[in-house]
Amino acid sequence: MKLLEQSGSLKGSLSAEEQLSLISGCSSIQEAVEGAMHIQECVPENLELKKKIFAQLDRAVDDTVVLSSSTSCLLPSQLFSGLVHVKQCIVAHPVNPPYYVPLVELVPHPETSPATVDRTHTLMRTIGQSPVRVLKEVDGFALNRLQYAVISEAWRLVEEGIVSPADLDLVMSDGLGMRYAFIGPLETMHLNAEGMLSYCDRYREGMKRVLKTFGPVPEFSGATVEKVNQAMCVKVPGDPQHLAARRKWRDECLMSLARLKSQMQSQ
Ligand SMILES: NC(=O)C1=CN([C@@H]2O[C@H](COP(=O)(O)OP(=O)(O)OC[C@H]3O[C@@H](n4cnc5c(N)ncnc54)[C@H](O)[C@@H]3O)[C@@H](O)[C@H]2O)C=CC1
Ligand SMILES: O=C(O)[C@@H](O)C(=O)[C@H](O)[C@@H](O)CO
């Protein structure tokens with residue numbers, strides 16, 4: 001996943017200090033490090049590969065370069081422990097597609113310096129991203145813990161024949177997602193009653209009762225994955241051409257949403 005290419009236009013828009021270089025398709029570490037003050041690693045989600053890349057970077061950089069990883073779930077303590085420049089290391093986890101979904105989770109190693117977090121936060125804002133500070137490492141960080149909680153219950157509802165895959169997705173896209181595109185789950189609670197305290201008074205017992213019915217972690221395999229895949233392929237055939245066309249449509253929707261959000265936030 002390409003976050004940003006190191007390009008003339010990018011160089012022009014950022015201070016000399018914050019040239020961002022990308023580790024994924026680079027032919028050598030030296031190519032990535034040259035002139036960069038912030039390096040974002042984007043190789044596949046493979047712990048040993050990422051550790052190898054960071055060990056090479058650790059030998060090539062001085063104490064001014066921020067080294068960040070795009071990892072979806074690998075913990076900073078797994079990735080960066082033992083590096084000489086660990087204070088300069090941080091996870092900066094983007095969301096797909098990062099050029100239209102601005103969130104970036106900043107997850108520090110226990111030894112990451114506050115200055116590294118602040119510099120990364122500033123850089124991400126400078127390039128138009130929306131960084132959040134995950135204050136201590138946890139498996140899945142914040143976004144994928146929320147995302148996987150939703151996926152887990154979505155899978156169970158389909159597996160138990162409560163709702164079809166197509167209708168399950170509509171519950172999100174024409175229901176929850178409409179609100180969550182503008183306000184998060186906590187603010188939704190706050191607005192859905194006469195404030196958060198009122199919401200919890202009204203719905204606390206109901207929420208706890210429903211949550212106690214949640215089952216074990218799904219296997220994401222077998223008959224259910226066949227059922228869900230078949231439903232997905234009816235909507236979007238699984239060949240590269242149809243998937244690419246649907247992603248193009250998704251991106252056009254996300255661009256329009258980003259424009260709308262920008263208009264709404266400026267009001
Ligand atoms: N795809 C997604 O939705 C998201 C991915 N991420 C994370 O971003 C990272 C990259 O994911 P993707 O872009 O999906 O992976 P990908 O497999 O699509 O791309 C990885 C890139 O690394 C290059 N590469 C492969 N092996 C390499 C090696 N040995 N040395 C140097 N470069 C190599 C590939 O040429 C490719 O450009 C992963 O850690 C992933 O978890 C984070 C958020 C979203
Ligand atoms: O979903 C996303 O865009 C990112 O948060 C990711 O980390 C990956 O896609 C991940 O969810 C794959 O499990």
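Residues numbered from 1 in each chain as written. Chains lettered and ligands numbered in written order. Predicted model: local features only at pLDDT ≥ 70, side-chain atom pairs only at ≥ 80, totals over all residues. Heavy atoms only, no water.

## Section: the pairing of strand β6 (residues 130-133)
Of the strand pairs in this sheet, strand β5 (residues 103-108) and β6 are connected by four bridges, and their pairing is parallel. Its bridge partner lying in β6, Val104 is registered against Pro131. Tracing the backbone out of β5, into helix α5 (residues 114-126) and back to the parallel element β6 gives a crossover that is right-handed. (Pairing = 2+ DSSP bridges. Helix = DSSP H or I, 4+ residues; strand = E, 2+ residues; numbered from the N terminus. Right-handed = clockwise from strand over helix to strand, strands pointing away.)

## Quick notes on the packing of aromatic side chains
By the definition in use, this model includes four aromatic pairs. Consider the rings of Phe54 and Phe80, whose centres lie 5.0 Å apart with planes at 75°: the pair is edge-to-face. Placement of the pair is Phe54 in helix α3 (residues 47-60) and Phe80 in helix α4 (residues 76-80), with a sequence separation of 26 residues. This pair shows no difference in class: Phe54 is buried, exactly as Phe80 is. Taking NZ or CZ as reference, Arg246 lies 3.9 Å from the ring centre of Trp249, over its face. (Phe/Tyr/Trp six-rings, centres within 6.5 Å; stacked < 30°, edge-to-face > 60°. Buried < 20%, exposed > 50% of the residue type's maximum accessible area, 1.4 Å probe, protein only. Lys NZ or Arg CZ within 6 Å of the ring centre and 35° of its normal.)

## Re the environment of Val84
Within the element layout of this structure, Val84 appears in the loop between α4 and β4 (89-94). Taking relative accessible area as the criterion, Val84 reaches 68% and is therefore assigned exposed. Sequence-wise, Val84 and Asp63 are 21 residues apart; in three dimensions their C-alpha atoms are separated by 9.2 Å.

## Considering the nonpolar core
Counting 23 residues, the largest nonpolar core has Ile39, Leu57, Leu67 and Phe80 as its most contacted members. Core analysis: the second largest hydrophobic core is formed by seven residues, Ile90, Leu106, Val117 and Met124 among them. (Core = buried A, V, L, I, M, F, W, Y, C linked by side-chain atoms within 4.5 Å.)

## Quick word on the UniProt feature "domain: 3-hydroxyacyl-CoA dehydrogenase C-terminal" (unreviewed entry) in the chain
This chain's UniProt record puts "domain: 3-hydroxyacyl-CoA dehydrogenase C-terminal" (unreviewed entry) on residues 140-227. Between the C-alpha atoms that bound residues 140-227 there is a distance of 27 Å. The span itself is 72% helix and 0% strand. (UniProt positions renumbered as here; feature names shortened; annotations may be inferred.)

## Digging into the side chain of Thr120
Note on placement: Thr120 falls in helix α5. Those residues in contact with Thr120 that sit more than four places away from it in its chain are His38, Val66, Ile90, Ala92 and Leu106. (Contact = heavy atoms within 4.5 Å.)

## Observations concerning the site of ligand 2
Around ligand 2, a shell composed of Ser72, His93, Val95, Asn96, Leu143, Asn144, Gln147 and Tyr148 is seen. Within the side chain of His93, an N or O atom sits 2.8 Å from an oxygen atom of ligand 2. When ligand 2 sits alone it has 320 Å² of accessible area, and the protein chains cover 66% of it. The greatest single-element share of the shell around ligand 2, amounting to four residues, is contributed by helix α6 (residues 143-159). Residue composition of the shell around ligand 2, grouped by class: three nonpolar, five polar and no charged. (Near = heavy atom within 4 Å. Polar contact = N/O pair within 3.5 Å; in protein donor to acceptor, adjacent residues only side chain to side chain. Areas by Shrake-Rupley, 256 points an atom, 1.4 Å probe, with all protein chains shown as cover. Nonpolar A, V, L, I, M, F, W, Y, C, P; charged D, E, K, R; others polar.)

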